[in-house]
Number of protein chains: 2
Amino acid sequence: MQTKEKPIGVFDSGLGGLTVVKKLIEQLPNEDIVYFGDTARVPYGDRSRETILEYTRQDMAFLLSQDVKAVCIACNTADSMARTEMEKLYTLPIVGAVLPAAKTAVRVTLNRKIGVIGTHATVASGAYKNSIASLDPACTVYSVACPLLVPLVEEGRFHKGDAVTESVLADYLAPLREKGIDTIILGCTHYPLLYDMVASLLPGVFIICSGFASVDYLKNELAGRNLLNDRQTPGKTHFFVSDAPEKFAANASLFLGRPIGGQVKKVSVGQGVCD
Amino acid sequence: MQTKEKPIGVFDSGLGGLTVVKKLIEQLPNEDIVYFGDTARVPYGDRSRETILEYTRQDMAFLLSQDVKAVCIACNTADSMARTEMEKLYTLPIVGAVLPAAKTAVRVTLNRKIGVIGTHATVASGAYKNSIASLDPACTVYSVACPLLVPLVEEGRFHKGDAVTESVLADYLAPLREKGIDTIILGCTHYPLLYDMVASLLPGVFIICSGFASVDYLKNELAGRNLLNDRQTPGKTHFFVSDAPEKFAANASLFLGRPIGGQVKKVSVGQGVCD
């Protein structure tokens, strides 16, 4: 098999990365995809750098075992904490969530005040701040950790009019509004489901979904290396998780926008650490 | 060393079990305690039975390696899903959260309508329902999974007057109020911090904190086997976690009611699965 015919690997700590898979299927319908969600150890967002690094290494090793031609780190937390390390370990293209979103933000901001919302670990890593500073040092980045948003989205409380989520989100976004940002990065794969709520709370602010930016980035990256699959038939997506495949399948449509339409396999990745 | 001089082991998926340690120190001040919080894989409440069983086995193995004389499974999820299996594997006294709370509930209820709140896994296990049915088949148990309460408590949003938590909790408790329960079991180690809010929302309802009931139970169990430490000096508590010991130490006082006053050591338990 030629390298270009191999699948694209995508991983996330859980379900959220399916928002990226959805976009990937829209943009590159003929590619095969292997998705891995680390549902036995989700969420990553409150863990230490050391642990996130170890988990990311194991997630990557699993995708590599599936013979992928490129990896998309959908999880902002893993990307923020571990991508530099992963690029040292592997030579295949690795596209994360942070850099593509940072590039888009720098391109669209007019007043150079950019807001970022994400998990504790993503914010603590400074990854968005550093990426944006390296692209345009005149930009100022304001970051807010929003640990309650993932549980709220996973409980289905993301519809406009949900008073609890609107109240929590308004609290998180208040300092960003006060700073007068004109651009915000939704730095977590769950947050696209809160797009409408964010838009209501920050009228006139340009909203960037980190995962969507990374799909464009990956497309260019593959094209540049002549790695786009040039067949004319639709690709297949294979789903793997580390726990509770039935639950993953049941909740997937929330993020994927359609039923999963295939088997979800359970694999063990944690044991990799002992090899 | 005589068996009675050995420490009591307590484990939880994370921080919450410290509410049990607090009670244990009050009730049995001269005992040494070894606490393990599986902070690298918290929370357990949304995982499959199979994974919870595997994690519990590893947590137990760690405590056994510390030469404990008894184990308190503070985590309701682990106790609900895995205690029966653990009792097959080990001969030392294992006290969980469910049975002691169920016994208290059956003793205090007048109308035999008992409410239980806990994680998805605890509720799905049916452990409370089955325990109560075996003690008094005339009791009816109404259970509600409350997945947002742990994240809200961990974000410090448990004080009376927090509109978000009050609203979420009111939604969860509404069906229990409608059923006319006179007793409720707070079936998760985080929920004692919500005691006042529950009391306001369910006036006149008897509230049982599962972990506190298990401390009384453990005390009797050790006394019955002549395993209480009879020295007259205060015991020591040793804290172990699988991730982010500094963060654990920083947040511990929320649950322990005082600073941790000692070192928190990081240990690796997941690797045990490969042995």
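Residues numbered from 1 in each chain as written. Chains lettered and ligands numbered in written order. Predicted model: local features only at pLDDT ≥ 70, side-chain atom pairs only at ≥ 80, totals over all residues.

Trainee: Requested: an account of the overall build of chain A, with residues and values cited.
Mentor: Looking only at helices and strands, one finds eleven helices and ten strands in chain A. A compact globule built from 275 residues should have a C-alpha radius of gyration of about 19 Å, and chain A, at 18 Å, falls within 12% of that. Going through the 275 residues of chain A one by one, you find that 54% of them count as buried. Long-range contacts, defined here as pairs at least 24 residues apart, represent 77% of the contacts in chain A between residues at least 6 apart. (Helix = DSSP H or I, 4+ residues; strand = E, 2+ residues; numbered from the N terminus. Rg over C-alpha atoms; globule rule 2.2 N^0.38 Å. Buried ≥ 20, exposed ≤ 12 C-beta atoms within 10 Å, placed from the backbone. Contact = placed C-beta atoms within 7 Å.)

Trainee: Report on the interface of chain A and chain B, specifying residues and quantitative values.
Mentor: Listed per partner, the contact involves 20 residues of chain A and 20 residues of chain B. Secondary-structure elements contributing two or more residues to the side of chain A that touches chain B are helix 7 (149–154) and helix 8 (163–179) of chain A. A total of four residues in the side of chain A that touches chain B trace back to one element, the largest contributor, which is helix 8 of chain A. A class-by-class count of the residues in the side of chain A that touches chain B yields eleven nonpolar, five polar and four charged. (Nonpolar A, V, L, I, M, F, W, Y, C, P; charged D, E, K, R; others polar.)

Trainee: Residues and numbers for the pairing of strand 6 (residues 140–145) of chain A, please.
Mentor: Residue and element names in this part refer to chain A. Only one face of strand 6 is covered, namely the face carrying Val141, Ser143 and Ala145; the face carrying Thr140, Tyr142 and Val144 is uncovered. For strand 5 (residues 113–118) and strand 6, the ladder comprises six bridges, and the chain directions are parallel. Bridged to glycine 115 within strand 6 is tyrosine 142. (Pairing = 2+ DSSP bridges.)

Trainee: I'd like a description of the sheet that holds strand 2 (residues 33–37) of chain B, backed by residues and values.
Mentor: Residues and elements named next belong to chain B. Taken in spatial order, the six strands line up as 4-3-1-2-9-10 in an open sheet, and their pairing is parallel. Lying at the two open borders of the sheet, with one neighbouring strand each, are strand 4 (94–95) and strand 10 (264–266). In this structure, strand 2 lies alongside strand 9 (residues 237–241), joined through five bridges in parallel fashion. Paired with glycine 37 across the two strands is valine 241, which belongs to strand 9. In the packing of helix 2 (residues 49–65) onto the sheet, the strands contacted are strand 1 (8–12), strand 2 and strand 3 (70–73), and the crossing angle to strand 2 comes to about 150 degrees. (Axes fitted to C-alpha atoms, helices over the stretch in contact; angles between N-to-C directions.)

Trainee: Provide a residue-level description of the domain arrangement of chain A, including the pertinent values.
Mentor: Residues and elements named next belong to chain A. Structurally, chain A comprises domain 1 (3–96 + 213–274) and domain 2 (98–211). Summarising the inter-unit geometry, the C-alpha centres of domain 1 and domain 2 are found 22 Å apart. If you look at the interface, domain 1 gives 25 residues, while domain 2 gives 22 residues. For the side of domain 1 that touches domain 2, the secondary-structure elements that each account for two or more residues are helix 1 (18–27), helix 3 (76–89) and helix 10 (210–224). (Domains from an automatic or database assignment.)

Trainee: If you had to explain the packing of helix 1 (residues 18–27) of chain B against helix 10 (residues 210–224) of chain B to someone new, which residues and values would you point to?
Mentor: Residues and elements named next belong to chain B. Axis separation between helix 1 and helix 10 bottoms out at 9 Å; the angle between their running directions is 40 degrees. Between helix 1 and helix 10, the crossing angle belongs to the class labelled oblique. Helix 10 is crossed by helix 1, and the crossing has right-handed handedness. Residue-level inspection shows Thr19, Val20, Lys23, Leu24 and Gln27 of helix 1 in contact with helix 10, the latter providing Gly211, Phe212, Ser214, Val215 and Lys219. Counted by class, the contact of helix 1 with helix 10 contains four nonpolar, four polar and two charged residues. (Parallel < 35°, antiparallel > 145°, perpendicular 65-115°, else oblique. Left-handed = near helix turned anticlockwise from the far one by under 90°.)

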